[in-house]
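# Fold and contact review
Here's the letter readout for the chains.
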Amino acid sequence: MKNNTSRRSDCPINFSLETFGDMWSLLIVRDIVYFGKRTYGEFLASDEGIATNILARRLAHLEQNGILIKTPHPTDRRKEIYTLTEKGLDLIPVLLELANWGAQHDPDTSAPPEWIALVRAERDRVIALVRATVQRGGSIFAGAGSVIEQIAQGR
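Let me begin by describing the structure that accompanies this report. (Residues numbered from 1 in each chain as written. Predicted model: local features only at pLDDT ≥ 70, side-chain atom pairs only at ≥ 80, totals over all residues. Heavy atoms only, no water.)

### Topic: the pattern of salt bridges
Counting across every chain of the model gives 11 salt bridges. Close ionic contact of R131 with D90 constitutes a salt bridge, the shortest N to O distance being 2.9 Å. You can see R131 sitting in helix α8 (residues 123-135) and its partner D90 sitting in the loop between α5 (86-89) and α6 (92-105), a full 41 residues away along the chain. Between R123 and E97 there is a salt bridge whose closest N-O contact spans 2.8 Å. One end of the pair, R123, is in helix α8; the other, E97, is in helix α6, with 26 residues separating them in the sequence. Residue R123 is classed as partly exposed on the basis of its relative accessible area, which comes to 32%. By relative accessible area, which is 36% here, E97 ends up partly exposed. Here the salt bridges share partners, and the residues they tie into one network are R30, D31 and E48. (Salt bridge = Lys/Arg side-chain N within 4 Å of Asp/Glu carboxyl O. Helix = DSSP H or I, 4+ residues; strand = E, 2+ residues; numbered from the N terminus. Buried < 20%, exposed > 50% of the residue type's maximum accessible area, 1.4 Å probe, protein only.)

Here's what the structure looks like:
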């Protein structure tokens, strides 16, 4: 017997949407994957301007749903570091596809056309490279050892 009291349906799309809750959750995951953000303050500084109370709720929700884990910052005990779990890393292909769709349909996109073309042409290789890089604490565009840097070096 199923317990459906907390879910609207057993549809996989419904499950996904209930897990993420709203746009802020995927933007937090985006900030980790694309830009290497890992702290509350870094997420708060994102261009979209998330409110502090919403950010705190979304981080807690993502942690409760097994998308993120929170650990103490190694050098600043006042901060915490958020990283993706395996379940969170599984969102990388979803983010890449959303970015591709947005770049295709948004005439004002800031997505680098070379990046979008590379993801389209070498999807599986790029997904594997992004996943491995994020697992090591890196990101697509920011920091030493970024995916963009690795691609430029021919890896």
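Having put the structure on the table, let's press on.
### Quick notes on the packing of aromatic side chains
Summed over the entire model, instances satisfying the criterion amount to five aromatic pairs. Taken together, the aromatic side chains of Y34, F35, W115 and F141 make up a single cluster linked through ring pairs. (Phe/Tyr/Trp six-rings, centres within 6.5 Å; stacked < 30°, edge-to-face > 60°.)

### A closer look at the packing of helix α7 (residues 113-121) against α8
Direction vectors running N to C along α7 and α8 enclose 110 degrees, while the axes themselves pass 5 Å from each other. By the angle between their axes, α7 is roughly perpendicular relative to α8. Within the contact between the two elements, α7 uses W115, L118, V119, R120 and A121 and α8 uses R123, R125, V126 and V130. Among the residues making up the contact of α7 with α8, the classes are represented as six nonpolar, no polar and three charged. (Axes fitted to C-alpha atoms, helices over the stretch in contact; angles between N-to-C directions. Parallel < 35°, antiparallel > 145°, perpendicular 65-115°, else oblique. Contact = heavy atoms within 4.5 Å. Nonpolar A, V, L, I, M, F, W, Y, C, P; charged D, E, K, R; others polar.)

### Considering the layout of surface pockets
When its volume is computed, the largest pocket comes out at roughly 580 Å³. Lining of the largest pocket is provided by 24 residues; of these, R30, Y34, F35, A99 and S110 occupy positions nearest its centre. Examining the composition of the lining of the largest pocket, we find that six residues originate from one element, helix α2 (residues 23-35), more than from any other. Of the residues assigned to the lining of the largest pocket, the class counts are 14 nonpolar, four polar and six charged. (1 Å grid on protein atoms, 1.4 Å probe; cavity = no way out; pocket = protein on both sides within 12 Å on 5 of 7 lines; lining within 4 Å. Points joined across faces, edges and corners; volume = space filled by probe spheres on them.)

### So, the nonpolar core
V33, L68, L84, L96, W115, V130 and I140 are the most contacted members of the largest nonpolar core, which has 35 residues in total. When residues of this core are traced back to their parent elements, those giving at least two are α2, α4 (52-64), β2 (80-84), α6, α7 and α8. The contacts of I140, once residues within four sequence positions are left out, are V33, Y34, L96, W115, V130, S146, V147 and I148. (Core = buried A, V, L, I, M, F, W, Y, C linked by side-chain atoms within 4.5 Å.)

### Quick look at empty space enclosed by the protein
Within the structure shown, the criterion is met by one cavity of 30 Å³ or more. Counted as a void, the largest cavity has a volume near 60 Å³. Along the walls of the largest cavity sit W24, L27, I28, R30, D31, F43, S46, E48, G49, I50 and L55, which together make up its complete lining. Sorting elements by how many residues they give to the lining of the largest cavity places α2 first, with five residues.

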